[in-house]
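Survey of secondary and tertiary structure
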Amino acid sequence: MSYLAIDKTTAYKELQRLAENPFDLTANQALTRARLQSFKSQAASFQYNYATQRVNAEVMDALQALANETDVIEQFKDMLKGDVINKIEGYDCENRQVLHTACRNVFAELNDEATIGKSLEAIDASKAELEKLKTFIAELENGDITNDFGQEFTDMVLVGIGGSDLGPRAIYLALKKYRQAGRRVHFISNVDPDDAADVLDGLDLSKTLVCVISKSGNTLETLTNEALVAERFTEAGLNISKHFLCVTGKDSPLDNPAKYLRSFYMFDYIGGRYSVTSMVGAVVLSFGLGYQAFEDFLRGARKIDLNSLETDITKNLPLLMALIGIWNRSFLKSETLAILPYSQALSRFSAHLQQCDMESNGKRINRQGESISYPTGPIVWGEPGTNGQHAFYQLIHQSESIVACDFLGFKNPQYGKDIEVKGTKSQEKLIANLLAQSIGLATGKADSNPNKHFPGNRPNSLLIADQLTPETMGQLLALYENKIAFQGFIWNINSFDQEGVQLGKVLATEIIDTYKEAKPTNENSISWGLLQENGLI
């Protein structure tokens, strides 16, 4: 089905007009009680406050109209139901379904007929892999699977890169408080050999499992690291086939029962950056946190998938976030988005979202292969507060560059261990800093001393929940995944391929061949002689 592109809508022209005079957050009494109450939304465990965005009722009406004119909910349903949406019309492309949501559509009580369609086969495949995993984890816990000395496995090392590393790493660190006693998970992704050495040197390899993740079974960095890790196990006198697992495509070069203790499958219709709710995240998270915690994580994500079907943008939290992001990027021309979690547990979440968003929506052509005239995906970055306040907040407060911000916070700490110092607890100080930064960026501060003048009108939002748990983590992940998908639909771009990544892989392979004394085969290749003259190879 063909959908109306953003720049062909009536709402687009109206939003362009409104962007000429956006709401002034620095005006006297701009943040009234009525505004704070009106510009907020709730979905599952999260409250989204956007009173500190440069929007008013007119803008919100126009954004609703934009969602309606682009049929964005129908496009989202197309994705859930398994229509082929990973494509560029008339051009060679991946031409695939996009069904990462099928991984969490396995709970009967959370089903909805509108989200099944052609995805039933993918849902059944996900159920089958989850059952395999559930059995494997039970065998580890029951002592049916041990090392050669009859000892339990205490550690698991994930070997992967990109989406096979960033998502699982971010979620494991976020939920480390919930990890199983005596279990640890570690990550090797960089082809830099020092990365692997640093991880392995601290482990008892006899009690360690290794999970190798590559959909194609040909990812060069991952295969290199696997060989390096395998050599260490062999040197220790350990049998690789009793320690190594893999997550890969069925019938890929890694799908070899003689080499791996267990194989779990991922599928072409799940992109790497959206794969953490598939077996890519499931194996390490179930090992480290327990299988039930992983199920809770999936249930959280599924709740947001269902919330994403709401047509009223004030009730559909991912869509609301997407539209406000489009307002900031395409109409107010804010080039970057800082994701600022006031939770140390989310220390790598911004890095995961950086890949998820920028690899998805960093595109300059539409789904018809035509150049587009409006800005699309922002530059995404961020670090946890309050540390970031002492690093880059100077720029977002006073630079000429306008950085849109998402502040993430939780009312209660994970561990429940806190003390009162000078009248307040640490968590209260943390939330106070979050709120202060949000208000300060929005309203600014006038001062006759130009060095102390803060211009304000820095758009930002607050995303708040009671506590970071496996379920709320699943919700938070799906909020951003679905937000990114909604933005791609409205911008009329394909959020599910990554051709820009492939170019670097091809060139790197050519340089590697040069190291092996091979000659470049492409006349447009890098000047190898120049590289050699400069001592680079």
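Please refer to the structure higher up on the page.
This report concerns the structure included in the present document. A quick note: this is a predicted structure, and the numbers were derived from the prediction, not measured.

Here we come to the environment of Val501. With respect to the helices, strands and loops of the structure, Val501 is situated in helix 16 (residues 499–515). We classify Val501 as partly exposed; its relative accessible area is 33%. Residues Val501 and Glu359 lie 142 residues apart in sequence; the distance between their C-alpha atoms is 8.1 Å.

Two numbers describe how helix 11 (residues 317–331) lies on helix 15 (residues 470–491): the axes approach to 8 Å, and their chain directions differ by 55°. Between helix 11 and helix 15, the crossing angle belongs to the class labelled oblique. As helix 11 runs across helix 15, the sense of the crossing is right-handed. Two secondary-structure elements touch here, helix 11 through Leu317, Pro318, Leu319, Met321, Ala322, Leu323, Gly325, Ile326, Arg329 and Ser330 and helix 15 through Leu479, Tyr480, Asn482, Lys483, Phe486, Gln487, Ile490 and Trp491.

Along the polypeptide, Thr248 turns up in strand 8 (residues 244–249). Note on Thr248: relative accessible area 0%, which makes it buried.

In this section: the sheet that holds strand 6 (residues 184–188). The strand order 6-5-7-8-9 describes an open sheet built from 5 strands, whose pairing is parallel. Each of the sheet's edge strands pairs with one partner strand only, and the pair in question is strand 6 and strand 9 (262–266). Going across the sheet, the axis of each strand differs from the next one's by a mean of 20°, ignoring polarity. Contacting strand 5 (155–159), strand 6, strand 7 (208–214) and strand 8, helix 8 (residues 220–235) runs over the sheet at an angle of about 160° to strand 7. Sitting on the sheet, helix 9 (residues 279–289) is in contact with strand 5, strand 6, strand 7, strand 8 and strand 9, with an inclination near 160° to strand 5.

The strands that make up a sheet are held in pairs by hydrogen bonds between backbone atoms, and each pair lies either parallel or antiparallel. With mixed pairing, the 6 strands of this open sheet are ordered in space as 1-2-15-12-10-11. Each having just a single partner strand, strand 1 (40–43) and strand 11 (379–381) make up the two edges of the open sheet. The sheet shows a mean angle of 15° between the axes of neighbouring strands, taken without regard to direction. As paired elements, strand 10 (residues 336–341) and strand 12 (residues 403–410) share 6 bridges and run parallel to each other. In the strand pairing of strand 12, Leu337 is matched with Ala404. Across the face of the sheet, helix 14 (residues 426–443) comes into contact with strand 12 and strand 15 (460–465) while running at roughly 160° to strand 12.

As a rule of thumb, nonpolar side chains are buried together in soluble globular proteins. Ranked by size, the top nonpolar core spans 119 residues in total, and within it Leu463, Met473 and Leu476 carry the most contacts. The greatest single-element share of this core, amounting to 12 residues, is contributed by helix 15. Ignoring any residue separated from it by four or fewer positions in sequence, one finds Met473 in contact with Ile171, Ala174, Leu175, Phe297, Leu346, Phe349 and Leu468. With 19 residues, the next largest nonpolar core counts Val157, Ile188, Val210 and Cys246 among its residues.

Rules and cut-offs
- Residues numbered from 1 in each chain as written.
- Predicted model: local features only at pLDDT ≥ 70, side-chain atom pairs only at ≥ 80, totals over all residues.
- Heavy atoms only, no water.
- Helix = DSSP H or I, 4+ residues; strand = E, 2+ residues; numbered from the N terminus.
- Buried < 20%, exposed > 50% of the residue type's maximum accessible area, 1.4 Å probe, protein only.
- Axes fitted to C-alpha atoms, helices over the stretch in contact; angles between N-to-C directions.
- Parallel < 35°, antiparallel > 145°, perpendicular 65-115°, else oblique.
- Left-handed = near helix turned anticlockwise from the far one by under 90°.
- Contact = heavy atoms within 4.5 Å.
- Pairing = 2+ DSSP bridges.
- Core = buried A, V, L, I, M, F, W, Y, C linked by side-chain atoms within 4.5 Å.

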